[in-house]
Amino acid sequence: NNKLIQELGIKLPIIQAPMAGVTTPELVSSVSNNNCLGSIGAGYLTADKTREFIHNVKKLTKHPFGINLFVPENHELIEDKILKTNSLLDQYLKELQIVKDDLSISTKSEFEEQIELVLNEKLKVCSFTFGIPSKEIVKELKKIGTVVIGTATNVKEAQIVESIGMDAVVVQ
């Protein structure tokens, strides 16, 4: 619809499929430079590679573009499990004379880091596939003006996408 086209900041109602693993900054920027919406397929990228990809696209276009993220099955890390695992490793760390502070153990998943990137880079569109992000993530993205799109493979998923406040649904 025209409202969504305006919200996306494009002139033509064409959204390039993100195609994780095969999109390039040149493809994404070329689509955006031609008044459509280019999309980064970031599903297989690390947070660092995602950052690099976003910056490369921004060098090639001033037009809006989007990003697609794979939602991991369980993207919430449980601190208790991390502490328990670390305590099991303590004897080996001591034996190997490794100081815990030397280990760069991150409690953030790549997905969480990718979300932070989308927020920090203020991307125009963020879509999700292979799962549904939390309502809090959707709220944070919408707070900065990002259009949020979910993917649904059945009616129930489409209803969930709508119920948590996403702007659009891709039926796949």
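Every chain begins its residue count from 1, and numbering advances along the sequence as written. Selection of residues for local features in this predicted model requires a pLDDT of at least 70, selection of side-chain atom pairs for listing and counting requires 80 or more, and totals for whole chains, interfaces and linings are taken over all residues. Where side-chain values are given, they derive from all heavy atoms of the structure, hydrogens and water being excluded.

Visitor: Where do I start with unusual backbone geometry in this structure?
Guide: Glycine aside, residues mostly have negative phi, and peptide bonds are mostly found in the trans state. Positive phi, normally seen in glycine, also occurs at methionine 19, with a value near 45 degrees. With a phi angle near 60 degrees, phenylalanine 130 is a residue other than glycine that sits in the positive phi range. Tracing the backbone shows phenylalanine 130 in the loop between β3 (125-129) and α6 (135-143). Only runs of H or I of at least four residues qualify as helices and only runs of E of at least two qualify as strands under DSSP, and these elements are numbered from the N terminus.

Visitor: I'm lost on the sheet that holds strand β5 (residues 168-171) in this one. Help?
Guide: Judged by pairing direction, the sheet is parallel, and its 5 strands sit side by side in the order β1-β2-β3-β4-β5 without closing on themselves. In this open sheet, the two edge strands, each paired with only one partner strand, are β1 (38-41) and β5. If you compare each strand with its neighbour and ignore which way they point, the axes differ by 25 degrees on average. Pairing of strand β4 (residues 147-152) with β5, which is carried by 4 bridges, proceeds in the parallel orientation. When the sheet's bridge partners are listed, alanine 152 is paired in β5 with valine 171. Any pair of residues with heavy atoms lying within 4.5 Å of one another is described as a contacting pair. Every angle, taken between N-to-C directions, lies between 0 and 180 degrees, and every axis is a line fitted to C-alpha atoms, over only the stretch in contact when it is a helix. Seen against the sheet, helix α7 (residues 155-163) touches β4 and β5 and runs at an angle of roughly 165 degrees to β4. Pairing between two strands requires that DSSP report at least two bridges joining them.

Visitor: Looking at this structure, I do not really get the pattern of salt bridges. What am I missing?
Guide: Should the charged atoms of two oppositely charged side chains come close, the side chains can pair. Salt bridges are defined by distance alone: a side-chain nitrogen of Lys or Arg within 4 Å of a carboxyl oxygen of Asp or Glu. Taken as a whole and judged by the stated rule, the model has 5 salt bridges. In this structure, lysine 58 engages glutamate 121 in a salt bridge whose closest nitrogen and oxygen atoms are separated by 2.7 Å. With lysine 58 in helix α3 (residues 47-60) and glutamate 121 in helix α5 (residues 110-121), this pair connects stretches of sequence that are 63 residues apart. The class of glutamate 121 is buried, set by a relative accessible area of 17%. With its nearest N and O atoms 3.1 Å apart, the salt bridge here joins lysine 142 to aspartate 167. Remark: aspartate 167 occurs in the loop between α7 and β5 and lysine 142 occurs in helix α6; sequence separation between them is 25 residues. Accessibility expressed as a relative area gives 36% for lysine 142, which makes it partly exposed. A residue is classified by how much of its surface remains accessible, and aspartate 167, at 30% relative accessible area, is partly exposed. Only protein chains enter the accessibility calculation, which uses a 1.4 Å probe. A residue is then buried if its area is under 20% of the maximum for its type, exposed if over 50%, and partly exposed in between.

Visitor: Can you walk me through the packing of aromatic side chains in this structure?
Guide: Where two aromatic rings form a pair, the distance of their centres and the angle of their planes describe that pair. Between 30 and 60 degrees the pair is tilted, below 30 it is stacked and above 60 it is edge-to-face, where a pair is any two Phe, Tyr or Trp rings, Trp via its six-membered ring, whose centres lie within 6.5 Å. Considering all chains together, one arrives at 3 aromatic pairs under this definition. Ring geometry for phenylalanine 70 against phenylalanine 130: centres 4.7 Å apart, planes inclined by 80 degrees, an arrangement best described as edge-to-face. One end of the pair, phenylalanine 70, is in strand β2 (residues 65-70); the other, phenylalanine 130, is in the loop between β3 and α6, with 60 residues separating them in the sequence. A residue is classified by how much of its surface remains accessible, and phenylalanine 70, at 19% relative accessible area, is buried. The class for phenylalanine 130 is exposed, based on a relative accessible area of 57%.

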